[in-house]
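# Analysis of the macromolecular model
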Amino acid sequence: MRPNQGEFRVTATRAYLDFNASAPLLPQAREAMGAALELANPSSVHAEGRTARRAVENARRSVAALAGAKPEHVVFTSGATEAASMLLTPDWRMGRSPLRFSHLYVCAADHPATLSGGRFAPGDVTLYGVDPNGVVDLAALASVLGSHDKSSGLPLVAVHAANNETGVIQPVGRIAEIVKTAGGVLIVDAVQAVGRIPVDIAVGYGDFFIFSAHKIGGPKGVGAIVGMSDLMMPAPLIAGGGQEKGHRAGTENLGGIAGFGAAAEMARERVDAMPGVAALRDRVEEAVLARFPDAVVHGKGVERLANTTFFTLPGLKAETAQIAFDLAGIAVSAGSACSSGRIGPSHVLKAMGFDGDEGALRVSIGVETTPAEIGRFEVALATLAERRGGRSKAA
Ligand code: PLP
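Residues numbered from 1 in each chain as written. Predicted model: local features only at pLDDT ≥ 70, side-chain atom pairs only at ≥ 80, totals over all residues. Heavy atoms only, no water.

### Comments concerning the environment of Pro98
We count it as follows: Think of it this way: any DSSP run of H or I at least four residues long counts as a helix, any run of E at least two long counts as a strand, and we number them from the N terminus. We call two residues in contact when some of their heavy atoms are within 4.5 Å.
Along the polypeptide, Pro98 turns up in strand β4 (residues 97-107). Residues Pro98 and Met232, 134 residues apart in the sequence, show an inter-C-alpha distance of 9.5 Å. Apart from residues lying up to four places away in sequence, Pro98 is in contact with Trp92 and Arg93.

### Observations regarding the confidence of the model for the chain
Worth spelling out the cut-off: The pLDDT score gives, residue by residue, the confidence of the prediction method on a 0 to 100 scale.
For the chain, per-residue confidence averages 93 on the pLDDT scale, and residues scoring 70 or more make up 93% of the total. Segment residues 1-6: pLDDT under 50, and nine contacts once partners within four positions in sequence are set aside and those in other chains are kept. The low-confidence segment residues 391-395, where pLDDT is below 50, has 13 contacts with residues more than four positions distant or belonging to other chains.

### Comments concerning empty space enclosed by the protein
As a reminder, the rule being used: Cavity means a closed set of points on a 1 Å grid over the protein atoms alone, one where a 1.4 Å probe fits but cannot get out, pocket means an open set with protein on both sides within 12 Å along at least 5 of 7 lines, and lining means a residue has an atom within 4 Å of a point. Grid points are joined across faces, edges and corners, and a volume is the space filled by probe spheres set on the points. Think of it as three bins: nonpolar holds Ala, Val, Leu, Ile, Met, Phe, Trp, Tyr, Cys and Pro, charged holds Asp, Glu, Lys and Arg, and polar takes everything else, Gly as well.
Within this structure, the stated rule accounts for two cavities of 30 Å³ or more. Each pocket or cavity is described by its volume, and for the largest cavity that value is around 120 Å³. Around the largest cavity sit 13 residues that line it, and Gly195, Arg196, Lys215, Ile216 and Arg270 are the ones nearest its centre. Class assignment for the residues of the lining of the largest cavity results in eight nonpolar, two polar and three charged. Its volume calculated, the second largest cavity comes out at about 30 Å³. Around the second largest cavity sit Phe311, Thr312, Leu313, Leu316, Lys317, Ala318, Ala321, Gly359, Ala360 and Leu361, which together line it. At the level of elements, β12 (308-312) and α9 (318-327) are the ones that each hand at least two residues to the lining of the second largest cavity. Of the residues that constitute the lining of the second largest cavity, the class distribution is seven nonpolar, two polar and one charged.

### Observations regarding the pattern of salt bridges
One side chain can pair with another of opposite charge once the charged atoms of both are near each other. Note the cut-off: Throughout this description, the term salt bridge denotes a Lys or Arg side-chain nitrogen within 4 Å of a carboxyl oxygen of Asp or Glu. Only protein chains enter the accessibility calculation, which uses a 1.4 Å probe; a residue is then buried when its area is under 20% of its type maximum, exposed when over 50%, and partly exposed in between.
Evaluation of the coordinates by the stated rule reveals 15 salt bridges. The partner of Glu244 in a salt bridge is Arg60, with the nearest N and O atoms 2.8 Å apart. Residue Glu244 is found in the loop between β10 (232-234) and α7 (254-270), and its partner Arg60 is found in helix α2 (residues 47-67); the two are separated by 184 residues along the sequence. Classification of Glu244 by relative accessible area gives buried; the value is 8%. The salt bridge partner of Arg100 is Asp91, with a shortest N-O separation of 3.5 Å. According to the relative accessible area criterion, Arg100 is partly exposed, its value standing at 43%. Given a relative accessible area of 41%, Asp91 falls into the partly exposed group.

Written out as structure tokens, the structure reads:
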């Protein structure tokens, strides 16, 4: 058995098509983690501690390179949710001086990690919208930021680079220009984008990135914030021993960080493999539309990640379809992992103005996905269509 063919990935009877929830652990990440777990405390000054420190700093360099950033501008966290909670705060410092953001503007289709508003009071958070394709409404954003009252503080803006449910890619460069014009700071949740499209903080793509290791083949429970600089930084969420230059205290999660670094090294290469992934994703959509001609593929008309499709099968609840696929050995999701289990459409679909009761099914794949797995999906889809009285051509 290959290391990445455990229960979580592919077995003889199952196909895992839910990479946006969590991508399979890469063998390189597993190996780096195993070695790092043996290491000493990276804050210790003895030789053992210095060896551990090197492992952390190597990983920091790899994560920085992934974002076009400087290693000293990477702060490791316990995941993207912690990174978002750290960044979304009114209280910052610019060098030694306090800096205050009086209001947070969050995209209505963002992940709950940023949508929750972090450490802002609920009354100090405004949502801005997306169009029916799920793309940020730039005019609406410019207008809402135009009416921000700067006398009480600056505007802080959060946006996702690519949507975890639809895969829709946001025009982050243009959003960054609008935020800059308004004198604000832009936090880009690049969790789903990184490793799938190039993201480079040095080319006007926002002020801070949020990353999560487990979406790029690293371990769960580790992530990072990556900044343009470290001159302007949020008040720490976790204070204590001064690790991560005082931005995030606590002995570093060495295994997680080393695994993240190894996955980051692989992620840069894997972006180049996306055309092959797109071909398999397109095959999924062709099968869906052949079996369910009235299916709605959300965001199909706009730029999307190569690995994601999110579709509604009219008259068929996404949760019901998900269970049917699961029983047939196919792991897909009904919306994001965080909102699955809820009845009704996701907040992303709502933000897009889609109000069908069925919700939508997400198939998200990756470089490891094989044509045989997509074939298995097609067979299960055909069975589902036959049961529903849909088209029943042999797959
Ligand atoms: N942001 C996006 C776009 C995500 O898809 C996710 C996870 O699904 C997160 C943030 C949260 O990441 P983590 O699991 O590392 O907290």
